[in-house]
Amino acid sequence: MTALRLGPNPVRRAVLSRRIRLFAAAAISYNIVEAVVSLWTGGVADSSALIGFGLDSVIEVASAVALSWQFSARDPERREHLTLRIIAISFFALAAFVTAGSVRSLAGGGEARHSTPGIVIAGLSLAVMPVLSWLQRRAGRELGSRTAVADSKQTLLCTYLSAVLLVGLVLNSTLGWWWADAGAALVIAAIAVREGISVWKGDVCCTVPHPAAAPDAEADGCCPAPNGRRDG
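Asker: Before we move on, could you go through the overall build of the chain and cite the residues and values that matter?
Answerer: In terms of helices and strands, the chain carries 7 helices and 0 strands. The order of α-helices and β-strands along the chain, N terminus first, is α-α-α-α-α-α-α. Scored against the burial criterion, the 232 residues of the chain give a buried share of 47%. Accessible surface, the chain: about 11100 Å² in total, of which carbon and sulfur atoms supply 67%.

Asker: Go over helix 5 (residues 146-175) with me, naming the residues and quoting the values.
Answerer: For helix 5, built from 30 residues, the straight-helix expectation of 44 Å at 1.5 Å per residue is met to within 8% by its first-to-last C-alpha distance of 43 Å. Residue Gly176 follows helix 5 closely and has a positive phi angle near 75°.

Asker: Account for the packing of aromatic side chains, naming residues and giving values.
Answerer: Considering all chains together, one arrives at 0 aromatic pairs under this definition. The cationic tip of Arg85 hangs over the ring face of Trp200; the distance from NZ or CZ to the ring centre is 3.9 Å.

Asker: Give a description of helix 1 (residues 10-45) that names residues and reports values.
Answerer: For helix 1, which comprises 36 residues, the first-to-last C-alpha distance of 51 Å matches the rise-based estimate of 52 Å (1.5 Å per residue) to within 8%. A side-chain oxygen of the first residue of helix 1 lies 3.1 Å from the backbone nitrogen of Val11; this N-cap is Asn9. Residue Asp46 follows helix 1 closely and has a positive phi angle near 55°.

Asker: A description of the packing of helix 5 against helix 6 (residues 179-200) should follow, citing residues and the corresponding values.
Answerer: Closest axis-to-axis distance for the helix 5/helix 6 pair is 8 Å, and the angle between their directions is 170°. If you check the angle between helix 5 and helix 6, you find them roughly antiparallel. Crossing angle aside, the handedness with which helix 5 passes helix 6 is right-handed. Mapping the contact onto sequence places Ala150, Lys153, Leu157, Tyr160, Leu161, Val164, Gly168, Leu169 and Leu171 in helix 5 and Ala180, Asp181, Ala184, Val187, Ile188, Ile191, Ala192, Glu195, Ser198 and Val199 in helix 6.

Asker: Describe the pattern of salt bridges, with residues and values.
Answerer: Where charged atoms from two side chains of opposite charge come close, those side chains can pair. Evaluation of the coordinates by the stated rule reveals 1 salt bridge. A salt bridge links Glu142 to Arg12, with the shortest nitrogen-to-oxygen separation between them at 2.7 Å. One end of the pair, Glu142, is in helix 4 (residues 116-143); the other, Arg12, is in helix 1, with 130 residues separating them in the sequence. In this structure Glu142 comes out as partly exposed when scored by relative accessible area, which is 30%. For Arg12, a relative accessible area of 27% corresponds to the partly exposed category.

Asker: So, the packing of helix 2 (residues 48-71) against helix 6: which residues are in play, and what are the values?
Answerer: How two helices pack is summed up by the angle between their axes together with the distance between the axes. Close contact between helix 2 and helix 6 brings their axes to 7 Å; oriented N to C, the two are set at 30°. As far as their axial angle goes, helix 6 and helix 2 are roughly parallel. Contacts between helix 2 and helix 6 involve Ser48, Ala49 and Leu50 from the first element and Asp181, Ala184, Ala185 and Ile188 from the second.

Asker: I'd like a description of the nonpolar core, backed by residues and values.
Answerer: Counting residues in each nonpolar core, the largest one holds 29 residues, and the members touching the most others are Leu94, Leu157, Leu165 and Val199. Listed in part, the 14 residues of the second largest apolar core include Ile20, Phe23, Ile28 and Phe71.

Asker: Would you mind going over the side chain of Ser162 in detail, with residue names and values included?
Answerer: Structurally, the position occupied by Ser162 is in helix 5. Once residues lying within four places of it in the same chain are set aside, the contact partners of Ser162 are Phe53, Ala122, Ser125 and Leu126.

Asker: Break down a nonpolar patch on the surface for me, citing the residues and quoting the values.
Answerer: Taken together, Ile89, Phe92, Val193, Ile197 and Trp200 make up a surface patch of nonpolar side chains, about 410 Å² in accessible area. Sorting the residues of the nonpolar patch by element identifies helix 3 (80-109) and helix 6 as the ones contributing at least two each. No other element matches the 3 residues that helix 6 contributes to the nonpolar patch. For Phe92, the location among the structural elements is in helix 3.

Each value, and the rule that gives it
Residues numbered from 1 in each chain as written. Predicted model: local features only at pLDDT ≥ 70, side-chain atom pairs only at ≥ 80, totals over all residues. Heavy atoms only, no water. Helix = DSSP H or I, 4+ residues; strand = E, 2+ residues; numbered from the N terminus. Buried < 20%, exposed > 50% of the residue type's maximum accessible area, 1.4 Å probe, protein only. Areas by Shrake-Rupley, 256 points an atom, 1.4 Å probe, with all protein chains shown as cover. Expected span 1.5 Å × (residues − 1). Phe/Tyr/Trp six-rings, centres within 6.5 Å; stacked < 30°, edge-to-face > 60°. Lys NZ or Arg CZ within 6 Å of the ring centre and 35° of its normal. Polar contact = N/O pair within 3.5 Å; in protein donor to acceptor, adjacent residues only side chain to side chain. Axes fitted to C-alpha atoms, helices over the stretch in contact; angles between N-to-C directions. Parallel < 35°, antiparallel > 145°, perpendicular 65-115°, else oblique. Left-handed = near helix turned anticlockwise from the far one by under 90°. Contact = heavy atoms within 4.5 Å. Salt bridge = Lys/Arg side-chain N within 4 Å of Asp/Glu carboxyl O. Core = buried A, V, L, I, M, F, W, Y, C linked by side-chain atoms within 4.5 Å. Patch = residues over 30% accessible without salt bridge, like charges linked within 9 Å, V, L, I, M, F, W, Y side chains within 5 Å.

In structure tokens form, the structure reads like this:
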């Protein structure tokens with residue numbers, strides 16, 4: 001007979017909740033710096049990708065603030081649905097802003113110029129964000145929080161964006177491919193739409209079922225059902 005997998009006890013849940021708030025605070029602090037640098041350098045270099053990256057940082061701050069708000073409540077699960085909606089909408093807003101800037105650039109609205117600060121901030125984020133995302137996801141999975149896992153995906157998205165941004169900026173700087181900047185921005189927008197749809201549906205299927213809630217785990221389409229089957 002297979003034993004049921006129980007969630008963390010109240011003491012452990014309190015520890016995990018504090019960790020999630022701490023990681024959210026770290027994400028807020030870093031992304032504020034990232035947003036200021038990216039938006040400033042993006043404006044100077046007329047870079048759609050850098051501006052999009054900066055806007056993503058602003059949205060990540062909003063997402064982390066929403067997560068902090070959720071876990072400041074006595075019963076965070078009551079705020080989970082609204083927090084997921086806020087995170088999903090943030091992805092869609094990012095995609096809209098970035099797409100508009102990319103289309104403007106490709107239509108002749110301005111060619112992106114070389115940006116050393118942009119390359120530096122992209123490289124730094126590529127090193128920092130995977131670690132923070134892993135810590136967020138680990139705590140969120142153990143706690144069984146879809147919003148914490150969704151926010152970790154927002155942080156992981158920053159890693160992908162950093163890589164795409166870095167490639168676009170380097171190609172522009174070394175080969176003069178100004179259109180690579182706009183192309184990188186469109187990739188950023190596409191990834192944001194995909195993640196937004198996933199979060200909106202609550203499809204962050206990497207949390208653990210809450211104890212004594214196996215039927216709900218099957219019904220919400222996210223956590224594995226007791227017999228191992230997944231809906232959809």
